[in-house]
Structure formats: C-alpha cells, structure tokens
Amino acid sequence: MQILTQLVFSGIALGMIYAVIAFGYQLTFATSDTLNFGQGDALMLGALVGLSLVGFGVNYWMMIPLVCLFGALQGAVVERIGVRPAIKMKSEFGWIMSTIALGIIFKNVAENVWGRDDLKFPSPLPESPLHLLGANVLPMELLVIGGALAMMLSVEFFNRRTIYGKAVVATFNDRDAAKLMGINTGLVITFSYALSSMTAAFAGVLIAPLTLTGATMGAVLGLKAFAVAIIGGLTSGMGIIVGGVILGVVETTTGFYLSTGYKDVPGLVLLLIVLAVKPAGLFGKTAIKKV
C-alpha cells in the first residue's frame, strides 16, 4: 500500500504536467478551432531558457516570470507566422503543417544552441523526500501539483472575471458574433496562442528539476498531453485535469507493476476506447449544428 500511494502521488504530479500542456491545446481550440502541435516544443524551450537563466545566476523564482514572458512571445510568433495565414486562406490543414514545421525548427535551433545531450536542472527545493500518508514524496512533486493547479485556476479566473477574458469567451462561443460586437478576434486568437505557449513553458520549468532537460524532452510530453486533451475533452477544463491524473497514475503504476516498456500502452488503449465510445471526451460536449 505504501508503494501504491507513492506511485499515485508521482502519477498525479506527472498527470498535472500533462494537464497544463493539454490546457494549452484547449485555449487555442476554443478561440480558433486550431491546435498548436508545437506545444511540446514550447515546453522544451521554456525548460532550456530557464536552465540558461539559472546558469546566469537568476533565482529560480525570479526566472519563472521571465520564462513565461518568453513562452508568450514564442506562442504569438507561432500564431502570426504559422496559423494566421492558414486561417485567412481558410485552409483546413495548413495550420497543422505550419505548427508542426515550426516545432521542428525550434527543436533544431535548441539542438544547435544547447546541444543534443540531456542536462541536469538544479532543483530549487530540497531533494530529500517528505513522508506523506506513508509514502515518500519529493517536495518538487508537490510544487508541480500546486503550480499546475494555480496556473489553470488563474487562467480560468482571467477568462471569467476580466473584460479581456470575456472577449476570449465570446470568441469561443461565436467568433462571427464577437467580431460584429467590435471584438478584435484576430488579436484574441494571437493572445490565446501566447497564453497556450506560456502555460507550456511554465510546465517546462516545473518538470525540469524532476527529469533531464534537453531538446527532445517535449516530443513525448506534447503527444501525451494531446491524448489527455482528447480523453478529457477539448471543451472541458475539468475533463483535462481528470484525464491528466488518470493517464499519469496509469503510467506510473503500469511501469512499476508490469514493465516500463509497457507504461505507455494503457493510456493509448484508453484513448482508443474513449474515441470509440465518446469521441467528444469524457467531459466534452458534442456540438449540435442546425442546418
């Protein structure tokens, strides 16, 4: 039972990282019906930029807002270069290839700047485990859970309680109607991409002290976060949190009780089941169009 509790805590921490990245998918899908398939690369760049800032002597806690600012700028560039032209041309697949291509470019740039080797990110918290409910839990894992929840709650508060957030929600509900009401929907879409990449960069500096940091770290995380978004539902914030926790716990328990070689299988099987039974996700809503 002690081992299971420890695996559950580790799974929740991992799942919350998946959820933060998947939350970025939801932000762009809500405003433009597009997805940034370079989310994993935004996480990778955030971690590497954060590592460089820490190496220059910047305190970890002071580094986080700088990385978030960098992530926001990177997301705005992706929208401006890769997504906006596709939306203007009403290309259904142009934004897919553009975001993937930009992600590959960012990865190659990272390999040339930081190298191909994985690097150790210094932990800002003690690395000795805490005893919680009979399990040994790293303080950084608790920070990951708390930080991820704080980020998602902050974005939800912004969307529901501020005038600019309400513009985002209005664009989500009906883009054409929002435009007629004087809302600059193009700027809203740019903002959603900036916010999406900012959350991914934030996730990067959260998870970096728990793992190795390198140019390839974002590929698998981005793919699994996309699976979480599909499992939970792209239109449900709660669904994304639940989907992330489910996938994280399933991975850690499968890797321990079966084999690390099979830890990715249950999550993908769950993804296939959800797509077959409830394509909108566990908590997603199926859109009904009147014709």
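For the structure, check the block above.
Remember, it's a predicted structure, so these values are computed and weren't measured experimentally.

Trainee: Whenever I open this one, the overall build of the protein chain confuses me. Can you help?
Mentor: Of regular secondary structure, the protein chain possesses 11 helices and 4 strands. Since a compact globule built from 291 residues should have a radius of gyration of about 19 Å, the 19 Å found for the protein chain is in line with a globular shape. Here the C-alpha coordinates of the protein chain stretch approximately 55 × 45 × 35 Å along the principal axes. Put simply, the protein chain has 291 residues, and 47% of those count as buried. Here the analysis covers contacts within the protein chain between residues at least 6 apart in sequence; of these, 76% occur between residues at least 24 apart. Element-wise, carbon and sulfur atoms account for 69% of the exposed surface of the protein chain, whose accessible area totals about 14,600 Å². Each charge class in the protein chain can be summarised by its mean position, and for the 18 positive and 14 negative side chains these summaries are 11 Å apart.

Trainee: Please clarify how the environment of L35 should be interpreted in this entry.
Mentor: Here L35 shows up in the loop between α1 (2-32) and α2 (39-55). Take L35: its relative accessible area is 8%, and that puts it in the buried class. Taking C-alpha positions, L35 is 9.2 Å from V83, a pair spaced 48 residues apart along the chain. Discounting chain neighbours no more than four positions away, the residues touching L35 are Y25, T28, F29, W95, T99, Y193, F226 and L234.

Trainee: How do you make sense of the environment of N59 when you look at a structure like this?
Mentor: Mapped onto the elements of the fold, N59 is located in the loop between α2 and α3 (60-88). On a C-alpha basis, the gap between N59 and L212 in space is 19 Å, while along the polypeptide they are 153 residues apart.

Trainee: What's the story with unusual backbone geometry in this structure? I'm lost.
Mentor: The phi angle of most residues is negative, glycine excepted, and most peptide bonds adopt the trans form. Even without a glycine there, the phi angle at D33 is positive, about 60°. Note that D33 resides in the loop between α1 and α2.

Trainee: What should I look at first to understand the nonpolar core in this one?
Mentor: Note that soluble globular proteins tend to have their nonpolar side chains buried in a common cluster. With 69 residues, the main nonpolar core has I21, Y60 and M63 as its most contacted residues. In terms of residues, this core owes the most to one element, helix α8 (residues 185-207), which gives 12 residues.

Trainee: Please explain the packing of helix α9 (residues 217-232) against helix α10 (residues 237-257) as it appears in this structure.
Mentor: Each packed pair of helices is defined by two parameters, the angle between the axes and the distance between the axes. With their axes 8 Å apart at the nearest point, α9 and α10 run at an angle of 125° to one another. Viewed along their axes, α9 and α10 adopt a mutual orientation that is oblique. Handedness of the α9/α10 crossing: right-handed. Facing α9, whose interface residues are K224, V228, A229, I231 and G232, α10 presents G239, I240, G243, G244, L247 and E251. Of the residues contributing to the contact of α9 with α10, the split by class is 5 nonpolar, 4 polar and 2 charged.

Trainee: So what exactly am I meant to see when it comes to the pattern of salt bridges here?
Mentor: Oppositely charged side chains are able to pair whenever their charged atoms sit close together. Tallied over the full model, the rule gives 4 salt bridges. The closest approach of N and O atoms between E79 and R84, which form a salt bridge, is 3.5 Å. For the residue pair E79 and R84, the accessibility class agrees, reading buried in each case. Residues K224 and E251 are paired through a salt bridge, measuring 3.1 Å at the closest nitrogen-oxygen approach. Of this pair, K224 sits in helix α9 while E251 sits in helix α10, and the two are 27 residues apart along the sequence. Judged by its relative accessible area of 4%, E251 falls in the buried class.

Trainee: So what exactly am I meant to see when it comes to the packing of α1 against α8 here?
Mentor: Taken N-terminus to C-terminus, the directions of α1 and α8 make an angle of 175°; their axes are 8 Å apart at the nearest point. Classified by the interaxial angle, the pair formed by α1 and α8 is roughly antiparallel. Together, L14, I17, V20, I21, G24, Y25, L27, T28, T31 and S32 of α1 and V188, I189, S192, Y193, L195, S196, T199, A203, L206 and I207 of α8 make up the contact between the two elements. Per-class residue counts for the contact of α1 with α8 are 13 nonpolar, 7 polar and no charged.

Trainee: Got a minute to help me understand a nonpolar patch on the surface in this structure?
Mentor: On the surface, a cluster of nonpolar side chains totalling about 1,000 Å² of accessible area is made up of I3, L4, F256, Y257, L258, Y262, V265, V269, I273 and V277. Tallying contributions element by element places helix α11 (residues 265-277) first for the nonpolar patch, with 4 residues. Topologically, Y257 is positioned in helix α10. Judged by its relative accessible area of 48%, Y257 is partly exposed.

The rules behind each value
Residues numbered from 1 in each chain as written. Predicted model: local features only at pLDDT ≥ 70, side-chain atom pairs only at ≥ 80, totals over all residues. Heavy atoms only, no water. Helix = DSSP H or I, 4+ residues; strand = E, 2+ residues; numbered from the N terminus. Rg over C-alpha atoms; globule rule 2.2 N^0.38 Å. Buried < 20%, exposed > 50% of the residue type's maximum accessible area, 1.4 Å probe, protein only. Contact = heavy atoms within 4.5 Å. Areas by Shrake-Rupley, 256 points an atom, 1.4 Å probe, with all protein chains shown as cover. Lys, Arg positive; Asp, Glu negative; His and termini not counted. Charge placed at Lys NZ, Arg CZ, Asp CG, Glu CD. Core = buried A, V, L, I, M, F, W, Y, C linked by side-chain atoms within 4.5 Å. Axes fitted to C-alpha atoms, helices over the stretch in contact; angles between N-to-C directions. Parallel < 35°, antiparallel > 145°, perpendicular 65-115°, else oblique. Left-handed = near helix turned anticlockwise from the far one by under 90°. Nonpolar A, V, L, I, M, F, W, Y, C, P; charged D, E, K, R; others polar. Salt bridge = Lys/Arg side-chain N within 4 Å of Asp/Glu carboxyl O. Patch = residues over 30% accessible without salt bridge, like charges linked within 9 Å, V, L, I, M, F, W, Y side chains within 5 Å.

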